[in-house]
Amino acid sequence: MAVYALVDCNNFYVSCERVFNPALEGKPVIVLSNNDGCAVARSAEAKAIGVPMGEPAFKLRHLVESHGLVMLSSNSALYGDMSERVMSVLATFAPGAEVYSIDECFLDLAGMPVDDLTAWCQQIRATVRRWTGIPVSVGIGTTKTIAKLANRLAKKSPKTNGALDLVSHPEWVAAALKRTPVGDVWGIGRQYAGHCGVKGIRTAFDLIQAEDGWIRKTMGAVGLRTTMELRGTAVHTLDTMPSDKHTTCCSRSFGETVSEFGHVRDAVTLFASRAAEKIRAEGLVAGALQVFAYTDRFRPDQPQFSLTSMARLSPPTSSTPHIIRTALRGMESAWRDGYEYKKAGVILLDLVRPEDVPRDLFSPPPEAGVKPRALMAAVDGINNRLGSGSVGYGLAPKDAPWRMHCGNRTPSYTTKWDDLPVAKA
């Protein structure tokens, strides 16, 4: 019998901040999106005072005075490193693990000699909390979808103490399905919740009673597979070896709108460099590139324009100078004066491993030449040791108007030597 556990970090971004600042415990805390735009993570205390997900920061200023709300800028370096630490701990508890997202991990428990799954879940929670400081919830089911559902209930119900086992207690499954709105089912969401409501399907339990033909017609094969998993038939297996990406993107909203070509050029140079670093880290090369820049669509009083350009990379490459040159040529050809640009980015397409690039008689092999490869390896090595951006291309000033606003960002406690916390005795 298949047995899956889903381990999910509680309020992950906020929990990462609390590890290094215990004074935030018990206080309403939110983490903001890029440019301190809106709430993307909320502590339980913040939810209790009515902070909605996605609420713009300027609408929450009054809660700072009235309820002591703490608003923090996003610290992706900290969150990424803490995620790796949590996942490395979880990998010691089961022979198979699938990192599903930055704060979620599936574990395959089939065949493991565990007599008491609830006690095993509590051991995971205690170990992760002791070794990393991050609180987690654990749900166990005979399918990944039921494990996801169990995890959701483990978070919401104080009686579970953060762990819910629906394998050892199959009689609880029906009750769990009845307590889960259909829109909260993994793979259903808001997209299909409206169709289900018209049909009188309000809960996950109602969904498993529906006819397969209607489910497939309304929600496609994905919806039918989700329903089969809710019925106890394992359809989704553990993906321990995820396939290579086909695309990667690096884009940002600007701290301020910019109209000068030089400002957008500097931003695109940085984004192209970061995108190239990403694919080199995964051992891939790109066969095509798209560069884009948009005006602010939330300002209908301003002229609107979308700059976009595509180009082939022949031969496919992960060389930062080559990718930057191609991106800038594309941007120059599509540039239009007289617009206030709010966002730009670079997308690398047709990603493959160098050995899988199709050969022809007229193009050199990908990454030809020892010197270019050695240069990129040296740049990546320096940035890995001294921090991202230690060596880069271009001379954009640190106070450029397109750079993100992050006035309340905490230090990168685990990834920068200068930001290491200091203990004084």
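Rules used in this analysis
Residues numbered from 1 in each chain as written. Predicted model: local features only at pLDDT ≥ 70, side-chain atom pairs only at ≥ 80, totals over all residues. Heavy atoms only, no water. Pairing = 2+ DSSP bridges. Helix = DSSP H or I, 4+ residues; strand = E, 2+ residues; numbered from the N terminus. Axes fitted to C-alpha atoms, helices over the stretch in contact; angles between N-to-C directions. Contact = heavy atoms within 4.5 Å. Salt bridge = Lys/Arg side-chain N within 4 Å of Asp/Glu carboxyl O. Parallel < 35°, antiparallel > 145°, perpendicular 65-115°, else oblique. Left-handed = near helix turned anticlockwise from the far one by under 90°. Nonpolar A, V, L, I, M, F, W, Y, C, P; charged D, E, K, R; others polar. Expected span 1.5 Å × (residues − 1). Bend = angle between axes of the 7 residues up to and from the residue. Buried < 20%, exposed > 50% of the residue type's maximum accessible area, 1.4 Å probe, protein only.

Describing the sheet that holds strand E4 (residues 70–72)
No. 1: The mixed open sheet is built from three strands, whose spatial order is E3-E2-E4. Both edges of this open sheet fall to strand E3 (39–42) and E4, since each of them pairs with a single strand only. Recorded for the sheet is a direction-independent mean angle of 30° between the axes of neighbouring strands.
No. 2: When strand E2 (residues 29–32) meets E4, the two strands line up parallel, connected through three bridges. The residue of E4 that forms the bridge with Ile30 is Met71.
No. 3: Strands in contact with helix H1 (residues 12–20) are E2, E3 and E4; relative to E2, the strand with the most contacts, it is inclined by about 110°.

Focus: the sheet that holds strand E1 (residues 4–9)
No. 1: The strand order across the open sheet formed by five strands is E5-E6-E1-E7-E8, and the pairing between neighbours is mixed. Two strands close off the open sheet at either side, each with one partner strand: strand E5 (96–101) and strand E8 (163–165). Taking each pair of neighbouring strands and ignoring which way they run, the sheet shows an average axis angle of 15°.
No. 2: Sheet strands touched by helix H4 (residues 76–90): E1, E5 and strand E6 (104–108). Its angle to E6, the strand with the most contacts, is close to 10°.

Quick notes on the pattern of salt bridges
No. 1: Applying the stated criterion across every chain yields a total of twelve salt bridges.
No. 2: With a shortest N-O distance of 2.8 Å, Lys155 and Asp8 are connected by a salt bridge. In this pair, Lys155 is assigned in helix H6 (residues 144–156) and Asp8 in strand E1, connecting sequence segments 147 residues apart.
No. 3: Here Arg231 and Asp212 are joined by a salt bridge, their closest N and O atoms 2.8 Å apart.

Brief notes about the packing of H4 against helix H5 (residues 117–132)
No. 1: Between H4 and H5, whose axes approach to 10 Å, the crossing angle comes to 140°. As far as their axial angle goes, H5 and H4 are oblique. The handedness of the crossing between H4 and H5 is right-handed. Together, Met82, Arg85, Val86, Val89 and Leu90 of H4 and Ile124, Thr127, Val128, Trp131 and Thr132 of H5 make up the contact between the two elements.
No. 2: Classifying every residue of the contact of H4 with H5 by side-chain character gives seven nonpolar, two polar and one charged.

What to know about helix H10 (residues 212–230)
No. 1: Compared with an ideal rise of 1.5 Å per residue, which puts 19 residues at 27 Å, H10 spans 13 Å between its outermost C-alpha atoms and falls more than 12% short.
No. 2: The axis of H10 is deflected most strongly, by about 130°, at Met219.
No. 3: Those residues of H10 lying buried are Trp214, Ile215, Met219, Gly223, Leu224, Thr226, Thr227, Glu229 and Leu230.
No. 4: Packing partners of the buried residues in H10 comprise H6, helix H7 (173–178), helix H8 (189–198) and helix H9 (204–209).

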